[in-house]
Amino acid sequence: MRAGAFPSRVRSARLSSWLGLALGVAFGVCFVTGLLSHLVQHPPGWFGWPSRPVGLYRFTQGLHVATGLASVPLLGAKLWSVYPRLFQWPPARSVVHAAERVSVAVLVAAALFQVVGGVLNVGRWYAPMPFFFTAAHYWVGWLVIGALLVHIGVQLPVVRAALARPVPQRPGDRAGTEGEPMGEDEPVSADVAGGDVVRGDVVRGDVVRGDVVRGDVVGGLSRRGILGGVAVAAGLVTVTSVGQTAGPLSPLVVLVPRRPDDGPQGLPVNRTADRAGVRDLALGPAYRLTVAAPGREIGLGLDALHALVQHTVELPISCVEGWSATGLWSGVRLRDLVALVGTDPDRAAVEVESLEAAGRYRTSVVAPEHTRDPLTLIALRLGGEPLHLDHGYPARLIAPNRPGVMQTKWLGRITVRELR
Ligand SMILES: Nc1nc2c(c(=O)[nH]1)N[C@H]1C(S)=C(S)[C@@H](COP(=O)(O)O)O[C@H]1N2
Ligand SMILES: [Mo]
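Predicted model, so just to flag it, every value in this text is computed and none were measured. (Residues numbered from 1 in each chain as written. Chains lettered and ligands numbered in written order. Predicted model: local features only at pLDDT ≥ 70, side-chain atom pairs only at ≥ 80, totals over all residues. Heavy atoms only, no water.)

Caption draft 1: Molecular detail of the nonpolar core. Residues Leu289, Leu334, Val350, Ile378, Ile414 and Val416 are the most contacted members of the largest nonpolar core, which totals 29 residues. When contributions to this core are tallied by element, the ones reaching two or more residues are helix H7 (273–276), strand S1 (289–293), helix H10 (334–340), strand S5 (348–354), strand S7 (377–382) and strand S10 (411–418). When neighbours within four sequence positions are excluded, valine 416 is seen to be in contact with Val291, Ala292, Ala293, Pro294, Val338, Val341, Thr343, Ala348, Ala349 and Val350. (Core = buried A, V, L, I, M, F, W, Y, C linked by side-chain atoms within 4.5 Å. Buried < 20%, exposed > 50% of the residue type's maximum accessible area, 1.4 Å probe, protein only. Helix = DSSP H or I, 4+ residues; strand = E, 2+ residues; numbered from the N terminus. Contact = heavy atoms within 4.5 Å.)

Next up, the structure:
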């Protein structure tokens, strides 16, 4: 590495450690909540997701998107703090070191893929992603967490050494000793020199030197200044986006495209009736909602649906993209419809199907917990008015604690099976 190529003295194992710690927490929370969202949408046999509390998914998915967005400045700062190491020479000291560097490369590439893809998905801009975002986001998430665990395992001693050391604040402290100016000609860091333990410090040959963490202000920008700046950036990102799901902050939403209240009937729309190609079927006089059980099938027109006992519930739509909004929905209980075709609503497996001819979200399965829940409605009205066409007129599913993608609109058919 050319002497003086990276003059900043703020870069240090301590700065990288703090940033890494914050990023590790953000990624950890993001991974767990993301995995949860995947399991809810593709439940394996062992997984059950309750219908209460009604807003649990709203919370976990809001947290997923918030931690993902907050990692943007954290990841940027973290990469800045370590990128001079890209140019270290020789690139690998041993097979183990080479393997470690490859795992870091995988971690960086996968983390960037997740963060960039996630932001594009929040912005609903799929042109740069010629693959199915959801599946890629899921599998690369495992890649990130695997590579992250390897990285933590390898760097833990470095982090502990860097964070354990007290930072003295004596006036006589040598100025300009806070950071390790990477690329300084002498002495080169242990890393570059290939040494293993340096000056009695607990260091595994990677970055930390005795003088790495002293003093506070260097050339105008201190480590504390950088950490503070990154924290402010992460906080700003959060405050200007989390309002897409948390009510009082909604006026501050500028960073993400959805405010909870912009759309017909005060609710956002992802897929319109025209895009789904259902306008004619939904508005046509021949509309029937078919409810089918083995050996029994009925077709309910709008009049018949409105003649059934109506209920009103307050439930959110919680989109996987992070926005959510509460609506006052009225309609028929799903469990009443299940009973209407002679099936025990406490032991029923239900699939709902849209009038949409194609489209990833034209059907969804309603788990028994949700089918039996009295809050689960086939909604006909929103906020006291007939559903807007873009919200699923004439009838849509609305169930407690369920991802938005599974709140199927423009229902044409409900298929019921009795569980044994
Ligand atoms: N048939 C059908 N239903 C659908 C969708 C769809 O594409 N097709 N999109 C889902 C998604 S992703 C969300 S977030 C909610 C949004 O409901 P809203 O438009 O009434 O707010 O509808 C869901 N229901
Ligand atoms: Mo959604």
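Caption draft 2: Structural view of the packing of helix H1 (residues 13–41) against helix H6 (residues 223–239). It is at 10 Å that the axes of H1 and H6 come closest, and there the two elements cross at 20°. As far as their axial angle goes, H6 and H1 are roughly parallel. When the axes of H1 and H6 are compared, the crossing they make is right-handed. Only Arg223, Ile226, Leu227 and Val230 of H6 make contact with H1, whose side of the interface consists of Arg14, Leu15, Trp18 and Leu19. (Axes fitted to C-alpha atoms, helices over the stretch in contact; angles between N-to-C directions. Parallel < 35°, antiparallel > 145°, perpendicular 65-115°, else oblique. Left-handed = near helix turned anticlockwise from the far one by under 90°.)

Caption draft 3: View of H6. Taking 1.5 Å as the rise per residue, H6 with 17 residues should run 24 Å; its terminal C-alpha atoms sit 24 Å apart, in good agreement. Turning to H6, its buried residues number three or more, namely Arg223, Ile226, Val230, Ala234 and Val237. One face of H6 carries all of its buried residues, which in axial projection span an arc of 70°. For H6, the exposed residues lying more than 90 degrees away from the buried face are Val232 and Leu236. Tucked inside the fold, the buried residues of H6 contact H1 and helix H2 (56–82). (Expected span 1.5 Å × (residues − 1). Arc of directions from axis to C-beta.)

Caption draft 4: Seen up close, the UniProt feature "transmembrane region" (unreviewed entry) in the protein. Mapped onto the present numbering, the UniProt feature "transmembrane region" (unreviewed entry) falls on residues 21–41, 61–83, 104–127 and 139–163. Note that residues 21–41 is 100% helix and 0% strand, and that its end C-alpha atoms are spaced 30 Å apart. In residues 104–127, helix accounts for 79% and strand for 0%; the two terminal C-alpha atoms are 28 Å from one another. (UniProt positions renumbered as here; feature names shortened; annotations may be inferred.)

Caption draft 5: Summary view of the packing of aromatic side chains. Following the criterion strictly, the structure yields nine aromatic pairs and no others. Relative to phenylalanine 87, the ring of tyrosine 83 has its centre 6.4 Å away and its plane inclined at 80°; by these criteria the two rings are edge-to-face. Pairwise contacts between aromatic rings join Phe31, Tyr138, Trp139 and Trp142 into one cluster. Here the basic side chain of arginine 11 rests over the ring of tryptophan 80, its NZ or CZ set 4.2 Å away from the ring centre. Taking the ring centre of phenylalanine 132 as reference, the NZ or CZ of arginine 360 above it sits at 3.5 Å. (Phe/Tyr/Trp six-rings, centres within 6.5 Å; stacked < 30°, edge-to-face > 60°. Lys NZ or Arg CZ within 6 Å of the ring centre and 35° of its normal.)

Caption draft 6: Local environment of a nonpolar patch on the surface. Taken together, the side chains of Trp80, Tyr83, Leu86 and Phe87 make up a nonpolar region of the molecular surface, amounting to roughly 400 Å² of accessible area. Judged by relative accessible area, phenylalanine 87 falls into the partly exposed class, the value being 43%. (Patch = residues over 30% accessible without salt bridge, like charges linked within 9 Å, V, L, I, M, F, W, Y side chains within 5 Å. Areas by Shrake-Rupley, 256 points an atom, 1.4 Å probe, with all protein chains shown as cover. Salt bridge = Lys/Arg side-chain N within 4 Å of Asp/Glu carboxyl O.)

Caption draft 7: Structural view of the pairing of strand S6 (residues 363–366). The alternating pattern of S6 places Ser364 and Val366 on a buried face and Thr363 and Val365 on a face that is not buried. Across four bridges, S5 lies against S6 in antiparallel orientation. Counterpart to valine 352 in the pairing with S6 is serine 364. (Pairing = 2+ DSSP bridges.)

Caption draft 8: View of the environment of valine 25. In this structure, valine 25 sits in helix H1. When the C-alpha positions of valine 25 and serine 71 are compared, they lie 9.6 Å apart, and in sequence the two are 46 residues distant.

Caption draft 9: Highlighting the pattern of salt bridges. Under the criterion given, the structure shown has ten salt bridges. Across the salt bridge formed by arginine 347 and glutamate 418, the nearest N and O atoms sit 3.1 Å from each other. Taken together, the positions of arginine 347 in the loop between H10 and S5 and glutamate 418 in strand S10 put the pair 71 residues apart, joining distant regions of the chain. Its relative accessible area of 36% is what places arginine 347 among the partly exposed residues. On the basis of relative accessibility, which here comes to 32%, the residue glutamate 418 falls in the partly exposed class. A salt bridge links glutamate 353 to arginine 362, with the nearest nitrogen and oxygen atoms 3.3 Å apart.

Caption draft 10: Region of the structure containing the sheet that holds S1. One open sheet accounts for five strands, arranged S2-S1-S10-S5-S6; its pairing is mixed. Edge positions in the sheet fall to strand S2 (296–300) and S6, since each has one partner strand and no second. Across the sheet, the mean angle separating the axes of adjacent strands is 15° when strand polarity is ignored. Two strands pair when backbone bridges link them, and S1 and S10 are joined in this way by three bridges, in the parallel orientation. If you follow threonine 290 over to S10, its bridge partner there is arginine 413.

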